Every structure is written in structure tokens, then in C-alpha cells.
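Chain residues, written in single-letter form:
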Amino acid sequence: MSTASTTEHPMVETRHQTQLLTLLRDEGPMSRVELGERLELPRARVGAEVARLAEVGLVETAGPSASRGGRRSTLVRLAGDLRVLSVDVGATSVGVALTDASCEVLVHTVEDCDVRQGPHAVLKRVTALAEKIREDAPGKLIAAGIGLPGPVSFAEGMAVAPPIMPGWDRFSVRDHLGGLLRCPITVDNDVNSMALGERHAGVARSIDDLVFVKIGTGIGCGIVLGGKVYRGVAGTAGDIGHIRLDDYGPTCACGETGCLEAYFGGAALARDGLTLARSGRSTYLADVVAARGAITAQDVGRAAASGDFGAVNLIRDGGRRLGQVVASLVSFVNPGMVVIGGGVAQLGHQLLAEIRSSVYRRSLPLATGNLPIVLSELGDTAGVIGAAWSATDRAFTLSS
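To start, this report covers the structure provided alongside it. By convention here, each chain's residues receive numbers from 1 onward along its written sequence. A pLDDT threshold of at least 70 governs which residues receive local features in this predicted model, and a stricter bar of 80 or more applies before side-chain atom pairs are shown or counted, although totals over entire chains, interfaces and linings include all residues. No hydrogens and no water enter the side-chain calculation; it runs on all heavy atoms of the structure.

**Brief notes about the pairing of strand β5 (residues 93-99)**
Phase 1 of the analysis: Between buried and exposed lies partly exposed: a residue is buried under 20% and exposed over 50% of the maximum accessible area for its type, with that area taken using a 1.4 Å probe on protein chains only. Per the convention used, a helix needs a DSSP run of H or I reaching at least four residues, while a strand needs a run of E reaching at least two, with both numbered from the N terminus. Burial analysis of β5 places six of its seven residues in the buried class, the great majority of the element.
Phase 2 of the analysis: Note: strand β4 (residues 82-89) against β5, six bridges, orientation antiparallel. Within the sheet, the bridge partner assigned to Ser86 lies in β5 and is Ala97.
Phase 3 of the analysis: The antiparallel hairpin formed by β4 and β5 contains three residues in its connecting segment. Whether two strands pair comes down to DSSP finding at least two bridges between them.

This is how it looks when you write it as C-alpha cells:
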């Protein structure tokens, strides 16, 4: 991929270095005095840790700080040439970004890519895109993070029995990518990555307890508690797409029947939109089928936006069912915010109104009294920002 000099991982040697790097990432440049106050460390210790981090190229000086009386001290910041590769694999697309060490996106590209091609083909495409965008923002690659659209064992760095990802089961994504990129790798569920992105850079910035719901080809949920992603024992927490709503409902990609995803994922919307078109209950969608021979969830959204009665009803029904599940989550978790994202979330305020109505009607007033339910503002960058956040956590952790 690249020479060793640009991918060698600088080692973090002490717990205080981890704390210092994390603080600079989260809050930006600080003076040594401020760092000492925040970390409750003596000035000499802070000076020694900063000097060592500067020696290995992780921090640098950044000009004078604001005056606090007396001589102004010099600011310390994360080194400007540090780079994090961040990947968001979806069912039908892949996004690859390069960020700085503060997880600010420098370059981002998204391409159509079918996850069913299998890990070798998809990860080959990822590394080719990574090679390409690294030319636009050269620097020292310190870590990479990747989000996958299925259940992931975070500890092992692999997908486990993912319903829509043939060939990926227990394939070691972390080891495979680590061998290609030669840096620490984190692998997580894509919705967990998106939840982290919202928590650190989106509409839920600084909210410690939140629920992020992704409605795309599938439906998933990321749960952040106390500022950290809650994954559960095996990494499947938040897999709401496969909550069964009806024993006799439509068949889901997981093989069961009546799952939420089978009613309102992107594939379900496209299926029901095609039924509307063929039955003559949507002239808008009938015209789309006549012109193109197929329907997408986005077509249903455009039909609804134009006032098409059948499409509006589809979105209302789906929003009501999703709201039912989110209401249970709200009662159980009591979050400070619910964020709705993913491709189907671009159906917008009609969908949001239906979800809100269902949640406010079904959950306890105490849980919903001050509960914002909002659309994501990050769009397709939520996943790559969150994956970068996980990757920097790993890069800034004391090496074993």
C-alpha cells in the first residue's frame, strides 16, 4: 500500500499519554498548564509526557495560548500530519475517508459496492480507494476503522453470521486489513459507528445517552450510554431490525418472518412500492416502473414528496411500526435524544412526524417530556467519523 515510513504506528507508552492525546482530540489545542490542570498532573510530568509524544511525532507546538497574566505559554496540539483511514461499508455502497487525528474529515469518497461480493472483493476495493485518497491528504497513517452492515464481534474484529453478507462470517477483517495497511484496525457494526459519529460531531454532540436509528437497506440501532457505545456481551445490542412484529408477516433477509426490517427497510419499501405501481394505486410509481422497470426506496420517497397518496401511506405505516419499536427503546433506555439516519431517513419530515407521534403516544411522559427526536445532519459522513473515533481510541491506547 505504501512505505513503512508513512504507516509505522507510533507507540503510546503510558496511561497519561493516552489521556493527554484523547483530551487534545476531544477539545483541541491546550497549553501545558491547562493539560496539567485537566489531568491533575504536576507540570514536570506533563512536560515529560509532551516531550516524549513530540519525539514520536504524535504532538506538536501550535503557537501561543491566550494570556492568563504573565508570559503566554505555548499550545500543544495533535500533530498535523497524522491520518486516520475510515471506512463505512453498507449493503450497496462503500464510503472511504481520511481524517486528521481529531477525526475531522479531510477527504471522503462514496461508491456503489455490493457487500454480497464477499470480503476479498470489497476490501480490495476499499484499499484501492484508500490508496487513491491518501494522495489527496498525505501524512502518517496511525489507525483505521471500518463499520460493517451486520453483527460484529468488536473484540475479534470480524462479522459473525451476518444475514446480508455471504462469505463474511468469521472472516478476520481486522487481520486482513491490518496486513494491508500495517496499522491498528478497529471493526464495528456500521450503526455503532454512525452513533459515535453523531455523538462527537453531529446533532447529538456531547449528549452522553442517545439512541441512533439507521434506516437503510436494513434497520439497526446504535446505543450510546455514558458517552460510550453499548455493544452487549456478544456485540448484538441494538439489532432492532430483527424484532418480530407479526408471526405471519413478510419474510425477512434473516430467514424469519414479520421482522421490522421486512416491513420498513429499503428493500421492503422498494417491494411495496412495486406492488403499488402494479396495482395501479400509485400513478407516480407506475410511471417509474414503465420508464425503468424497477423501484427503489428513494423513488417511494420522491413519490410521497410529490403528494402521491399510496406512497405517503407506505411511509406512514412504516414510520408507525418503527415508532412502536423506538417507543420500547425509549422506555427501556431513557435516552437524552433519538437520532434518525440512514438512506431511507431522507424521506424526511413525513417519516419523522410519524415516528414522533408513535413514540410520544406509547412511552411514559417522564421519558418523552424533554426528548428530542431528530433527523441526522451528518448524512453519509456519520459512519466514517464514528469509525475514525474508534480507530483513534485504539491508536491512543497504551500498547501491550
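That covers the picture; the talk isn't over yet.
**Some words on the sheet that holds strand β12 (residues 219-225)**
Phase 1 of the analysis: Pairing is mixed in the open sheet, where five strands are placed in the order β13-β12-β11-β14-β15. Only two strands of the sheet have a single neighbouring strand rather than two, namely β13 (228-229) and β15 (373-375).
Phase 2 of the analysis: Across five bridges, the pairing between strand β11 (residues 210-215) and strand β14 (residues 337-341) is parallel. Bridge assignment links Val211 to a residue of β14, and that residue is Val338.
Phase 3 of the analysis: Note on contacts: a residue pair qualifies if any of its non-hydrogen atoms lie within 4.5 Å across the two residues. A fitted line through C-alpha atoms represents every axis, and for helices the fit uses only the stretch in contact; the resulting angles, taken between N-to-C directions, go from 0 to 180 degrees. The strands touched by helix α13 (residues 349-362) within the sheet are β11, β14 and β15, with β15 carrying the most contacts at an inclination of about 165°.

**Quick word on helix α12 (residues 309-333)**
Phase 1 of the analysis: Counted at 1.5 Å a residue, the expected span for α12 with its 25 residues is 36 Å, and the 35 Å between its end C-alpha atoms agrees.
Phase 2 of the analysis: Here a polar contact means two N or O atoms within 3.5 Å. Within protein one must be a hydrogen donor candidate and the other an acceptor candidate, and residues neighboring in sequence count only if both atoms are side-chain atoms. The residue sitting at the N-terminus of α12 and contributing the capping side-chain oxygen is Asp308; that oxygen lies 3.3 Å from the backbone nitrogen of Gly310.
Phase 3 of the analysis: Positive phi appears at Asn334, one or two residues downstream of α12, with a value of about 55°. Every helix has an expected span of 1.5 Å times one less than the residues it contains.

**Describing helix α4 (residues 43-55)**
Phase 1 of the analysis: Over its 13 residues, α4 extends 18 Å from the first C-alpha to the last, a length consistent with the 18 Å expected when each residue adds 1.5 Å.
Phase 2 of the analysis: Taken as a whole, α4 has its buried residues at Val46, Glu49, Val50 and Leu53. An end-on view of α4 places all buried positions within 100° of arc, on one side of the element. Exposed residues on α4 whose side chains face more than 90 degrees from its buried face are Ala44 and Glu55.
Phase 3 of the analysis: The inward-facing, buried residues of α4 contact α2 (15-27), α3 (32-39), β2 (59-64) and β3 (74-78).
Phase 4 of the analysis: Downstream of α4 by one or two residues, Gly57 has phi in the positive range, about 85°. Directions pointing from the helix axis toward each C-beta atom define the arc.

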